[in-house]
Amino acid sequence: MSNKMWGGRFATGPSEIMEEINASIGFDKQLYAQDIQGSKAHCRMLAQTGIITHDDAEAILHGLDTITSEIENGSFEFSRQLEDIHMNIEARLTEIVGPAAGRLHTARSRNDQVATDFRLYVRDTVDTLIEQIVSLQQALTRKAAAHADTIMPGFTHLQSAQPVTFGHHCLAYVEMLDRDRSRFADARRRMNENPLGAAALAGTSFPIDRDATTQMLSFDRPCANSLDAVSDRDFVMESLSVASICAMHLSRLAEELVIWASAQFKFVKLSDSFSTGSSIMPQKRNPDAAELVRGKVGRIIGALNTLLIVMKGLPLTYSKDMQEDKEPAFDAFRNLSLCLAAMTGMVDDLEPNEEILKDAAMAGFSTATDLADWLVRELGMPFRDAHHVTGQIVARAEALDCDLDAVPLADMQAVEPAITQAIFEVLGVENSVRSRTSFGGTAPENVKQQAEKWRIALEQAATTG
C-alpha cells in the first residue's frame, strides 16, 4: 500500500528494505517540539494572509497542542510507515481535526520544514551549550580564586619548566572555554535565518508573509535565496566544528586530571562521585569520568567529518543524503552536553594536594629562568650569556644533587664572580611566582584580579544569557 501522505504518484508501496533505509522517525522524533513550533507559526501566517480561514487555523492550532501533550505524556504512537516526524504529526493532526489539517501544508514543503526544524533545534542546543560552558567557567573561576597562591609546576613538553599557581592554570581553561562560547555565539548569529517559505526549492506563488514567521520564530531575517535555504547545512557543520574544538579543550583538561590523579603524581584528588573502582584490584581509584570525556571527543569530531562528507558532493538543492545530517549531530551535541556537565562536577569537587604540588614545583630547577633574569637585570648581562651561565650553575646543582637555592654562593661565584647573596631572593618558588607580575602572568595578585573579573563577567553572562 502506498504512503497516503505522498503516494499518489505510486501504484504500490515501498519494499521493507526501502522502508528500513528511508524511515527517519526513529531519530528525528527529537524534533517534535521544533516541528510543532514551526507549524504553528506557518499556520498563523496562513490565516493572517487569508490563505486559510481563521476557523481552520484555530482547529489546527488546537490539534497541534493536543499532539504536543500526547508526545510529552508518552501516548503518541509513532509510525515507521509514515517515515518522519513531519508526516507522523500531520497524520495525527488529520485524525484530530479532519480535512482542515491538510491545509497546513499549503505553501510549504518538507524541504523548508525540516530546514526550519533543524535550525530551531541547533539554535536551542547552542543556547543550552553556552549556558553549560558558563557553568564550567564559573566552577574553574571559583577554584582559581580559592587557589590563587597555591604553587604548582608549570610544564612544557610535560617537563618541569617554571612554577605557576594552580589558580593561574584553572584560568587558562576559562580563557579557552570563553573562545568556545564566543564561537558558539557567532555561529548562532549566522544560523538565525528563517528558511520557512522557501517551499521545495523555488519559493511559492501564495502571498505568504515570511517576515511574519521570522518574527514568530525569533529569527533575525528570512533566508534570502530559496535554493540556499533548503540546501544549507552550514549552520550544523559550523556548530559541530565549534563543538569539536570545545570537546578538544575538555579532553586536554581531562588528560591533565587523569595524570594529576594518578598515584605517581597525586596532584589532585577526584571525588567519589566521579571515580570508580576495579573489579579485581581493591586499591584502585579510576578517573573514569575524565577518561570518558577524553574519549568522547572522537565521536564529536566524527560527527563533523560525517556531515562534511555527506554534503561535499551534493548539487543544489535537497537530496535524501541530507537525512544523514541529524543522527550524528544529535549524538555529538548530546555527548558534548554530557561532557560539560561531567567536567563541571569534577572541577567543583576536585581538591588539589597543595604540599605535593609545591614540592613538585621546586623540582627540576624550575627557577632557572629567574636566575637568568636576575643576571640580566642586576648585572646587565646579555640574556644569551646569562642563559649560558645559568646552565653551568644548573649543572653544578645536579652534581651536588640539590635545588638551585641550595647551591653555595661560592660555587655560583666560581661560574660568575659578580653574583651576590641577593641571588637567593629570586630562587624560591614563592619568590618566582610573586615576581611574574606582567599582564597575564602567574603572580597571585594577578590571578586574584583575573578571577574576580571573570566572576563578575560570568555572573552577568549567566543572568543575561
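Scroll up to find the structure.
In this text the structure is predicted, and so the values were computed from the model without any measurement. (Residues numbered from 1 in each chain as written. Predicted model: local features only at pLDDT ≥ 70, side-chain atom pairs only at ≥ 80, totals over all residues. Heavy atoms only, no water.)

## Some words on the packing of aromatic side chains
Short version of the rule: Stacked, tilted and edge-to-face are the three classes assigned to paired rings of Phe, Tyr and Trp, where Trp is represented by its six-membered ring and a pair needs centres within 6.5 Å; plane angles under 30 degrees give stacked, over 60 edge-to-face, the rest tilted. The numbering of helices and of strands both runs from the N terminus, where a helix is a DSSP run of H or I of at least 4 residues and a strand a run of E of at least 2. Accessible area is worked out with a 1.4 Å probe on protein chains only. A residue is then buried under 20% of its type maximum, exposed over 50%, and partly exposed in between. Charges are assigned to positions over rings by a cutoff of 6 Å between ring centre and Lys NZ or Arg CZ, combined with an angular limit of 35 degrees from the ring normal.
Overall, the coordinates contain eight aromatic pairs when judged by the stated rule. Taken together, a centroid distance of 4.8 Å and an interplanar angle of 70 degrees make the contact between Tyr121 and Phe330 edge-to-face. Separated by 209 residues along the polypeptide, Tyr121 in helix α6 (residues 110-146) and Phe330 in helix α12 (residues 326-349) bring together distant segments of the chain. For Tyr121, a relative accessible area of 11% puts it in the buried group. Residues Phe265 and Phe267 carry aromatic rings whose centres are separated by 5.0 Å and whose planes lie at 75 degrees to one another, so their mutual orientation is edge-to-face. For Phe267, a relative accessible area of 4% corresponds to the buried category. The ring of Phe118 carries Lys326 above its face, with NZ or CZ at 5.4 Å from the centroid. Lying across the ring of Trp454, Lys453 places its NZ or CZ 4.5 Å from the centre.

## Section: helix α4 (residues 54-73)
Heads up, the rule is: A helix is expected to span 1.5 Å for every residue after the first. Two residues form a contact once any of their heavy atoms are found within 4.5 Å.
Helix length check: α4 (20 residues) gives 29 Å between terminal C-alpha atoms against 28 Å at 1.5 Å per residue, within 8%. Of the residues making up α4, those classed as buried are Asp56, Ala57, Ile60, Leu61, Gly63, Leu64, Ile67, Thr68, Glu70 and Ile71. In this structure, the buried side of α4 is in contact with α3 (32-48) and α5 (85-97). A positive phi of about 85 degrees marks Gly74, the residue just after α4.

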